[in-house]
Amino acid sequence: MFTKQAHIDGLLEQKLLPLFYHDSADTSVLVLEALYGAGIRYVEYTNRGAAAPANFGVLRAAASHMPGLQLGIGTIKNPQQAEQYLAFGADFIICPSMNAEVAAVAAAAGRLWIPGCMTPTEIAAAENAGATLVKIFPGNILGPGFISAVKDLFPGMRFLVTGGVEAEAENLASWFRAGVSGVGMGSKLLTKALVEAGDVKGLMAATGHALALVQEGQHAQI
Ligand SMILES: O=C[C@H](O)COP(=O)(O)O
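This section reports on the structure supplied with the text. (Residues numbered from 1 in each chain as written. Predicted model: local features only at pLDDT ≥ 70, side-chain atom pairs only at ≥ 80, totals over all residues. Heavy atoms only, no water.)

### A look at the overall build of the chain
Quick note on the threshold: To qualify as a helix, a DSSP run of H or I must reach at least 4 residues; to qualify as a strand, a run of E must reach at least 2; elements of each kind are numbered from the N terminus. Two things to know: the radius of gyration comes from C-alpha atoms, and the globule rule equals 2.2 Å times the number of residues to the power 0.38. Exposure categories follow from relative accessible area, calculated using a 1.4 Å probe and restricted to protein chains: below 20% of the type maximum is buried, above 50% is exposed, and the middle band is partly exposed. In what follows, a contact means two residues having at least one pair of non-hydrogen atoms within 4.5 Å.
Counting secondary structure elements, the chain contains 11 helices and nine strands. Compactness check: the chain gives a C-alpha radius of gyration of 16 Å against a globular reference of 17 Å for 222 residues, within 12% of the reference. In terms of its C-alpha atoms, the chain occupies a principal-axis envelope of roughly 45 × 40 × 30 Å. Out of the 222 residues in the chain, the part that is buried amounts to 52%. In the chain, the share of contacts with a sequence separation of at least 24, taken over all contacts with a separation of at least 6, comes to 60%.

Written as structure tokens, this is what we have:
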């Protein structure tokens, strides 16, 4: 199993974390395969529907045929959910909120925990609970200026922004210029039209395009 730091390094090398949920297990596998085919190795499946636990198990099995794939679970809001998905083999846990009980569950299992924060108070609480990478959410509400304003308060902390991030050069560059180390993208990357059409080629093309834009955007990083 990778160490927590190895997961942070791998995720931030990828710089783009695709995230998605779909009620259909078959569609979920199709999206995962498209992401993998486009070169993605870190994926967040989100706990956003009744079928999420069952689908995660199906994805976990599918991932056994995808060497190097690291499959995390997102939208974890309490320690019970964290325990449930760790038992299913989640490689890492991502939350929309800062919850010290979830941190403790992940730490006991030796797995990476990425809390969601939208205030300096939450980032400080995450830091005190052991996080060195936080998800800044919702990014489009906070804006890149939030990162610029708080990053000097937290030397050593890395930021992954999600929520409303666009697959568009200037939007991505603005986040990297502000100081994020990576971006999470859901609906603007894996669009409803592509997913519902089961358009593997389209999903792969969109992901490849976003990966290229993110790599360009990071050169804007100060
Ligand atoms: O936690 C992740 C966000 O809800 C994803 O937002 P997005 O679909 O705008 O990328």
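### Topic: the site of the ligand
Selection rule: It suffices for a single heavy atom of a residue to lie within 4 Å of a molecule or strand for the residue to be listed as near it. For the purposes of these results, a polar contact is taken to be a pair of N or O atoms within 3.5 Å, where, inside protein, one atom must be able to donate a hydrogen and its partner to accept one; residues adjacent in sequence count only when each atom of the pair is a side-chain atom. Method for areas: the Shrake-Rupley scheme with a 1.4 Å probe, in which residue coverage is limited to the protein chains shown. As a working rule, the residues Ala, Val, Leu, Ile, Met, Phe, Trp, Tyr, Cys and Pro are called nonpolar, Asp, Glu, Lys and Arg charged, and the rest polar, with Gly in that last group.
The environment of the ligand is formed by Leu-19, Arg-48, Lys-135, Phe-137, Thr-162, Gly-163, Gly-164, Met-185, Gly-186, Ser-187 and Lys-188. At a separation of 2.6 Å, an oxygen atom of the ligand approaches a polar side-chain atom of Lys-135. Computed on the free molecule, the ligand has an accessible area of 310 Å², of which 87% lies beneath the protein chains in the complex. In terms of residue class, the shell around the ligand is built from three nonpolar, five polar and three charged.

### Structural notes on the pattern of salt bridges
As a reminder of what qualifies: By definition, a salt bridge exists where a carboxyl oxygen of Asp or Glu is found within 4 Å of a side-chain nitrogen of Lys or Arg.
Tallied over the entire structure, the rule returns two salt bridges. Of the charged contacts in the structure, one is a salt bridge between Asp-91 and Arg-60, with a shortest N-O distance of 3.0 Å. A residue pair is termed long-range when its members are at least 10 positions apart, and Asp-91 in the loop between α4 (79–87) and β4 (92–94) and Arg-60 in helix α3 (residues 52–63) qualify at 31 residues. Here Asp-91 falls in the buried class, since its relative accessible area comes to 14%. On the basis of relative accessible area, Arg-60 is assigned to the partly exposed category, the value being 22%.

### So, the nonpolar core
Most often, soluble globular proteins have nonpolar side chains that are buried together. Rules: Among the buried residues, those of types Ala, Val, Leu, Ile, Met, Phe, Trp, Tyr and Cys that are joined through side-chain atoms within 4.5 Å form a nonpolar core.
Counting 63 residues, the largest nonpolar core has Leu-16, Ile-93, Ile-123, Phe-159 and Val-183 as its most contacted members. Here this core gets six residues from one element, more than from any other, and that element is helix α2 (residues 25–37). Non-local contacts of Leu-16, meaning those with residues more than four positions away in its chain, are made with Ile-40, Val-183, Met-185, Leu-189, Thr-207, Ala-210, Leu-211 and Val-214. Among the nonpolar cores identified, the runner-up in size contains 11 residues, and Leu-12, Leu-17, Leu-112 and Ile-114 belong to it.

### So, helix α5 (residues 100–109)
One turn of an α-helix holds 3.6 residues; hence residues three or four places apart share an orientation. The cut-off we apply is this: By arc we mean the arc of the directions from the helix axis to the C-beta atoms, nothing more.
Within α5, the full set of buried residues consists of Val-102, Ala-103, Val-105 and Ala-106. Seen along its axis, α5 keeps its buried residues to an arc of 165°; they face one direction. Among the exposed residues of α5, those pointing more than 90 degrees away from its buried face are Glu-101 and Ala-108. The inward-facing, buried residues of α5 contact α4, β4 and β5 (112–114).

### Brief notes about the packing of aromatic side chains
Using the following cut-off: The aromatic pairing rule takes the rings of Phe, Tyr and Trp, using the six-membered ring of Trp, and pairs them if the centres are within 6.5 Å, calling planes under 30 degrees apart stacked, those over 60 edge-to-face and the rest tilted.
In the structure shown here, the tally under the stated rule is five aromatic pairs. Seen in terms of ring centroids, Tyr-42 and Phe-92 are 6.0 Å apart; in terms of plane orientation they differ by 40°. Their pairing is tilted. In this pair, Tyr-42 is assigned in strand β2 (residues 42–46) and Phe-92 in strand β4, connecting sequence segments 50 residues apart. Residue Phe-92 is classed as buried on the basis of its relative accessible area, which comes to 1%. Taking 5.4 Å as the distance between ring centres and 90° as the angle between the ring planes, the aromatic pair formed by Phe-56 and Tyr-85 counts as edge-to-face. In this pair, Phe-56 is assigned in helix α3 and Tyr-85 in helix α4, connecting sequence segments 29 residues apart.

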